[in-house]
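Each chain, letter by letter, is given below.
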Amino acid sequence: MREIIIGKNEAGQRADKFLSKYLCRAQKNFIYKMIRKKNITLNNKKMCGNEKLVCGDSVKLFFSEETLSNFTEAEEDHIGIRVPRKQALNFKQYIIYEDENIILMNKPAGMLSQKTVPGDCSINEYMINYLLESGFITRNGLSAFRPAVCNRLDRNTSGLIIGGTSLAGLQEMSLALKERTLHKYYLCIVRGIMKQPAEIQGWLSKDEQNNKVNIYPTEQKNAAYICTRYFPIASNSRYTLLEVCLVTGKPHQIRAHLSSIGHPIAGDGKYGDKQLNQKMFQDYHLKFQLLHSYRLDFRDYTAKQPELKYLEGKVFFAPPDAMFQKILKEEGFDGYLEKQRTAGFHPGGND
């Protein structure tokens, strides 16, 4: 027999939903059969499955250890891939902010947001390893609730990733992103001189086979409407440093949309300018796009759950990496980011 005491990350959900997560390898009809036969009880009483769990509830599973091991995740499945202890501890350098509900991370370029195949190691796995190492979660606890990232960035786009480390945090951040009350701003360096802020619109379709998108100026069949806002921060004789926000959020939207109006992002091998990329490689050994998610703005955010109200009105920043900052300095853009932090903010958009 195994007893599970419901904590805050398990509370608030239906009992059958919780059991489906805990017994993740069992079919639903098996779970309901075990409920009917009283092999699963709630607070030592027969349960129906539709009860809403609260903190302190006792769920007992009257199974053999062999049966439990067959229907629950193996320990190694919890983290997907084992991260060396040194790397897990060094993960602290990517943390911008953390509390009991969320963790904000500054993802480096070259790292996946979430794994795409079983052998991948993404920032999601690094986050879970960090939470295990710090004692915030336990391996047994992962069977009932698994922390996860709430938004994604392209592998070679750096910057702010939101992780939900409690059920309330994960649900709240996912909803805020969906409802566009949480705004994310990006920095990029593009070809050419841009002086005026603008809002550009278009239609985007994705070629799944080649993992590439196409942008159209007018409505097209099987294409989604997109809207991108940009605000020039500074220009030199060749490039412009832009702040960008997404009114809509589609794959590769910033990269492809800016390229479609003649201002590709420096270093972008998929949508960029070949000569510009060669110049950037010669000058700086740049191998990826200079696109960085640097500001997370909660000023339009209203918490749906009372325990997240402390985030209302906050703004978080993630500094670009050393490569980006070196290029900013060499191209004469050094110092503009600090001015941007203290000069007030543009009206939002969101991806």
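Residues numbered from 1 in each chain as written. Predicted model: local features only at pLDDT ≥ 70, side-chain atom pairs only at ≥ 80, totals over all residues. Heavy atoms only, no water.

Enquirer: I tried to follow the side chain of Asp 297 on my own but got confused; where do I start?
Expert: Relative to the helices and strands, Asp 297 is located in strand S14 (residues 291-297). What makes Asp 297 buried here is its relative accessible area of 1%. Among the polar contacts listed, one links the side chain of Asp 297 to the side chain of Arg 295, at a separation of 3.3 Å. (Helix = DSSP H or I, 4+ residues; strand = E, 2+ residues; numbered from the N terminus. Buried < 20%, exposed > 50% of the residue type's maximum accessible area, 1.4 Å probe, protein only. Polar contact = N/O pair within 3.5 Å; in protein donor to acceptor, adjacent residues only side chain to side chain.)

Enquirer: How do you make sense of the side chain of Asn 106 when you look at a structure like this?
Expert: Residue placement: Asn 106 occurs in strand S6 (residues 102-107). The buried category is assigned to Asn 106, whose relative accessible area is 14%. A polar contact of 2.9 Å, which involves the side chain of Asn 106, links it to the backbone oxygen of Pro 319. For Asn 106, the contacting residues outside a window of four places in its chain are Tyr 94, Ile 96, Gly 159, His 292, Ala 318 and Pro 319. (Contact = heavy atoms within 4.5 Å.)

Enquirer: Explain the packing of helix H1 (residues 15-22) against helix H2 (residues 28-36) to me, please; I cannot follow it from the model alone.
Expert: If you want to describe how two helices pack, look at the angle between their axes and the distance between the axes. Relative orientation of the contacting elements H1 and H2 amounts to 120°, with a least axis distance of 10 Å. Comparing their axes, H2 and H1 come out oblique. Taken as a pair, H1 and H2 cross one another with a handedness that is right-handed. Counted together, Asp 16, Leu 19 and Ser 20 of H1 and Lys 28, Ile 31, Tyr 32 and Ile 35 of H2 form the full contact between these two elements. Its residues assigned to classes, the contact of H1 with H2 shows four nonpolar, one polar and two charged. (Axes fitted to C-alpha atoms, helices over the stretch in contact; angles between N-to-C directions. Parallel < 35°, antiparallel > 145°, perpendicular 65-115°, else oblique. Left-handed = near helix turned anticlockwise from the far one by under 90°. Nonpolar A, V, L, I, M, F, W, Y, C, P; charged D, E, K, R; others polar.)

Enquirer: For this particular structure, what's the right way to read the packing of aromatic side chains?
Expert: The geometry of an aromatic ring pair is captured by two quantities: the separation of the ring centres and the angle between the planes. Inspection of every chain in the model, using the stated rule, returns eleven aromatic pairs. The interplanar angle of 85° and the centroid separation of 5.4 Å between the aromatic rings of Phe 298 and Tyr 301 together place this pair among those described as edge-to-face. Neither Phe 298 nor Tyr 301 differs from the other in exposure class; each is buried. Members of the aromatic cluster, joined through ring pairs, are Phe 91, Tyr 94, Tyr 126 and Tyr 130. Here the basic side chain of Arg 295 rests over the ring of Tyr 185, its NZ or CZ set 3.7 Å away from the ring centre. (Phe/Tyr/Trp six-rings, centres within 6.5 Å; stacked < 30°, edge-to-face > 60°. Lys NZ or Arg CZ within 6 Å of the ring centre and 35° of its normal.)

Enquirer: In this structure, what is going on with unusual backbone geometry? I would like to understand it.
Expert: Glycine aside, residues mostly have negative phi angles, and peptide bonds mostly take the trans form. Phi angles above zero are rare outside glycine, and Lys 38 is one such case at about 65°. Examined against the element boundaries, Lys 38 turns out to sit in the loop between H2 and strand S2 (40-42).

Enquirer: Is there a simple way to think about the environment of Lys 212 in this case?
Expert: With respect to the helices and strands, the residue Lys 212 is situated in strand S11 (residues 212-216). Sequence separation between Lys 212 and Ala 256 is 44 residues, and the spatial gap between their C-alpha atoms is 8.9 Å. Here Lys 212 is in contact with Ser 205, Lys 206, Asp 207, Lys 270 and Tyr 271, once residues within four sequence places are set aside. Here Lys 270 takes part through its backbone oxygen, which lies 3.4 Å from a polar atom of the side chain of Lys 212.

Enquirer: Help me understand the sheet that holds strand S1 (residues 2-5) in this model?
Expert: Within a sheet, neighbouring strands are paired by backbone hydrogen bonds and run either parallel or antiparallel to one another. Strand order in the open sheet formed by four strands is S1-S4-S2-S3, and the pairing between neighbours is antiparallel. Looking at strand neighbours, the two that pair on one side only are S1 and strand S3 (45-46), the edges of this open sheet. Here S2 runs beside S3; their pairing, made up of two bridges, is antiparallel. Along S3, the bridge assignment pairs Leu 42 with Lys 45. Across the face of the sheet, H1 comes into contact with S1, S2 and strand S4 (58-61) while running at roughly 50° to S4. (Pairing = 2+ DSSP bridges.)

Enquirer: How do you make sense of the pattern of salt bridges when you look at a structure like this?
Expert: Any two side chains of opposite charge can pair if their charged atoms end up close together. Applying the stated criterion to the full structure yields 13 salt bridges. A salt bridge links Arg 229 to Glu 199, with the nearest nitrogen and oxygen atoms 2.7 Å apart. With Arg 229 in strand S12 (residues 224-235) and Glu 199 in strand S10 (residues 198-207), this residue pair connects regions lying 30 residues apart in the sequence. Given the relative accessible area of 22%, Arg 229 is considered partly exposed. With relative accessibility at 41%, the residue Glu 199 sits in the partly exposed group. Salt bridges here are not isolated pairs; linked through shared partners, they connect Glu 243, Arg 295, Asp 297 and Arg 299. (Salt bridge = Lys/Arg side-chain N within 4 Å of Asp/Glu carboxyl O.)

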